[in-house]
Amino acid sequence: MRTGLAGKTAVITGASRGIGKAIAAAFASEGANVVLASRRQESLDAVAAELAGKYPEVGVLARAAHAGEPEEAAACIDAAVQRFGAIDVLVNNAGTNPFFGPLVDIEPAAAAKTVQVNQFAVVLWTRLAWKAGMAQRGGTVINMASIGGMLTEPGLGYYNATKAAVIHLTRQLAVELAPGVRVNAIAPGVVRTQLARALWENNEQRLAEHLPLRRIGEPEDIADAAVFLAGDASRWMTGQTLVVDGGATVRPSFG
């Protein structure tokens, strides 16, 4: 696959573990410099040390930043440009889900936090990357959605609503930032991550049996899709949401 990522610089939010960490590793393996963003500096430093040891030919920068806080996000983008000169790829991967239950029971604070991290942060970081040079140089943006944004599901209604918003924001940004910047999204199914632990822990076998591909996802499954969307092989794609779910959304209805 032609990736064209060698020598480019990618900023990944939520990069300290799970899908974000796997995407950073996949980009580094393709020769891209990676900027790791997440809330806790110590966790980022551990990932940065691991990647620098495995891929010494690329640059790695770890910068703590809360995805939904404008000043912290701006400082991270500024640090990335100062270190590497430009940002070529932005991955809006950070996510949170502080509430599980019926929509009518959600408290305002939990609702606001979910929107801030899952939805507003997509616009915030894209805006910052655009103004930091993507507007002139071009680039690619990848937003992390979810198949939950396409479905209804007990207990996850508000989280899923923010992911539906990410899918729409991806389409809107693709139109607004074209032709220089491509914007696409990935909609994972259940992946073996800390955020999704409540869905798969103690339930993995039953979940796998209901999937056509008979297993839940691994972070690397999503990282490979991100490499495709960031690279040259997807050069005529924008505004699309790539579903990577083991077949979850094509299961037959059992009534």
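Preceding block: the structure.
The structure displayed is predicted, hence computed values, not measured ones.

*Asks:* Help me understand the environment of Gln-205 in this model?
*Replies:* Turning to its location among the elements, Gln-205 is positioned in helix 7 (residues 204-209). For the pair Gln-205 and Arg-215, spaced 10 residues apart in the sequence, the C-alpha separation amounts to 7.9 Å.

*Asks:* It is not clear to me how unusual backbone geometry should be interpreted in this structure. Could you clarify?
*Replies:* Most peptide bonds adopt trans geometry, and most residues besides glycine take a negative phi value. Cis geometry marks the peptide bond from Ala-178 to Pro-179, where omega comes out at 0 degrees. Even without being glycine, Arg-214 reaches a positive phi, approximately 60 degrees. Among the secondary structure elements, Arg-214 is positioned in the loop between helix 7 and helix 8 (219-230). You can call Arg-214 exposed: its relative accessible area is 55%.

*Asks:* Explain empty space enclosed by the protein here, please?
*Replies:* A probe matching the size of a water molecule, rolled over the atoms, marks out where space remains unfilled. Tallied over the full model, the rule gives 1 cavity of 30 Å³ or more. Taken as a whole, the largest cavity spans an internal volume of roughly 50 Å³.

*Asks:* Whenever I open this one, the pairing of strand 1 (residues 9-13) confuses me. Can you help?
*Replies:* As a general feature of sheets, a regular strand has side chains that alternate between the two faces. Most of strand 1 is tucked away, with 5 of its 5 residues classed as buried. Neither face of strand 1 is open: one carries Thr-9, Val-11 and Thr-13, the other Ala-10 and Ile-12, and all of them are buried. The pairing of strand 1 with strand 2 (residues 33-38) spans 5 bridges and is classified as parallel. Residue pairing for strand 2: Ala-10 is matched across the bridge by Val-34. For the crossover that starts at strand 1, traverses helix 1 (residues 18-29) and ends in the parallel strand 2, the hand is right-handed. Sheet topology note: the strand 1/strand 4 (residues 89-92) ladder contains 3 bridges and is parallel. What sits directly across from Val-11, in strand 4, is Leu-90.

*Asks:* Even after reading the chapter, I still don't get helix 8, so can you show me in this structure?
*Replies:* Turn by turn, an α-helix covers 3.6 residues, leaving residues three or four places apart pointing in a common direction. With 12 residues, helix 8 extends 16 Å from end C-alpha to end C-alpha; this agrees with the ideal 16 Å at 1.5 Å per step. Along helix 8, the residues that are buried comprise Pro-219, Ile-222, Ala-223, Ala-225, Ala-226, Val-227, Leu-229 and Ala-230. Elements that come into contact with the buried residues of helix 8 comprise helix 1, strand 4, strand 5 (139-144), strand 6 (181-188) and strand 7 (241-244).

*Asks:* Just checking my understanding: could you explain the sheet that holds strand 2 for this structure?
*Replies:* Backbone hydrogen bonds hold the strands of a sheet together, and the pairing may be parallel or antiparallel. The 7 strands are arranged 3-2-1-4-5-6-7 in an open sheet whose pairing can be described as parallel. Edge positions in the sheet fall to strand 3 (60-64) and strand 7, since each of these pairs with one other strand and no more. The sheet shows a mean angle of 15 degrees between the axes of neighbouring strands, taken without regard to direction. The pairing of strand 2 with strand 3 spans 5 bridges and is classified as parallel. Bridge pairing in strand 3 places Val-34 opposite Val-60. With respect to the sheet, helix 5 (residues 157-177) is in contact with strand 5, strand 6 and strand 7, its orientation differing from that of strand 6 by roughly 165 degrees.

*Asks:* Which parts of the structure should I look at to understand helix 2 (residues 41-54)?
*Replies:* Here helix 2 spans 20 Å end to end across 14 residues, near enough to the 20 Å set by a 1.5 Å rise per residue. Among the residues of helix 2, Leu-44, Val-47, Ala-48 and Leu-51 are the ones counted as buried. End-on view of helix 2: buried residues confined to an arc of 105 degrees, all on one side of the axis. Exposed and facing more than 90 degrees away from the buried side of helix 2 are Glu-42, Ala-49 and Gly-53. Those residues of helix 2 that are buried lie in contact with helix 1, strand 2 and strand 3.

*Asks:* What is the right way to read the pattern of salt bridges from this model?
*Replies:* A side chain with one charge may pair with a side chain of the opposite charge, provided their charged atoms come close. Taken as a whole, this structure holds 5 salt bridges when the rule is applied. One salt bridge in this structure joins Lys-21 and Glu-50, with 3.2 Å as the shortest N-O distance. Here Glu-50 lies in helix 2 and Lys-21 lies in helix 1, a separation of 29 residues in the sequence. Given a relative accessible area of 27%, Lys-21 falls into the partly exposed group. Residue Glu-50 is classed as partly exposed on the basis of its relative accessible area, which comes to 44%. With a closest N to O distance of 2.8 Å, Arg-215 and Asp-221 form a salt bridge. The exposure class assigned to Asp-221 is partly exposed, which follows from its relative accessible area of 25%. Ionic contacts of the salt-bridge type, sharing partners, join the residues Arg-192, Glu-204 and Glu-218 into one network.

Criteria and cut-off values
Residues numbered from 1 in each chain as written. Predicted model: local features only at pLDDT ≥ 70, side-chain atom pairs only at ≥ 80, totals over all residues. Heavy atoms only, no water. Helix = DSSP H or I, 4+ residues; strand = E, 2+ residues; numbered from the N terminus. Buried < 20%, exposed > 50% of the residue type's maximum accessible area, 1.4 Å probe, protein only. 1 Å grid on protein atoms, 1.4 Å probe; cavity = no way out; pocket = protein on both sides within 12 Å on 5 of 7 lines; lining within 4 Å. Points joined across faces, edges and corners; volume = space filled by probe spheres on them. Pairing = 2+ DSSP bridges. Right-handed = clockwise from strand over helix to strand, strands pointing away. Expected span 1.5 Å × (residues − 1). Contact = heavy atoms within 4.5 Å. Axes fitted to C-alpha atoms, helices over the stretch in contact; angles between N-to-C directions. Arc of directions from axis to C-beta. Salt bridge = Lys/Arg side-chain N within 4 Å of Asp/Glu carboxyl O.

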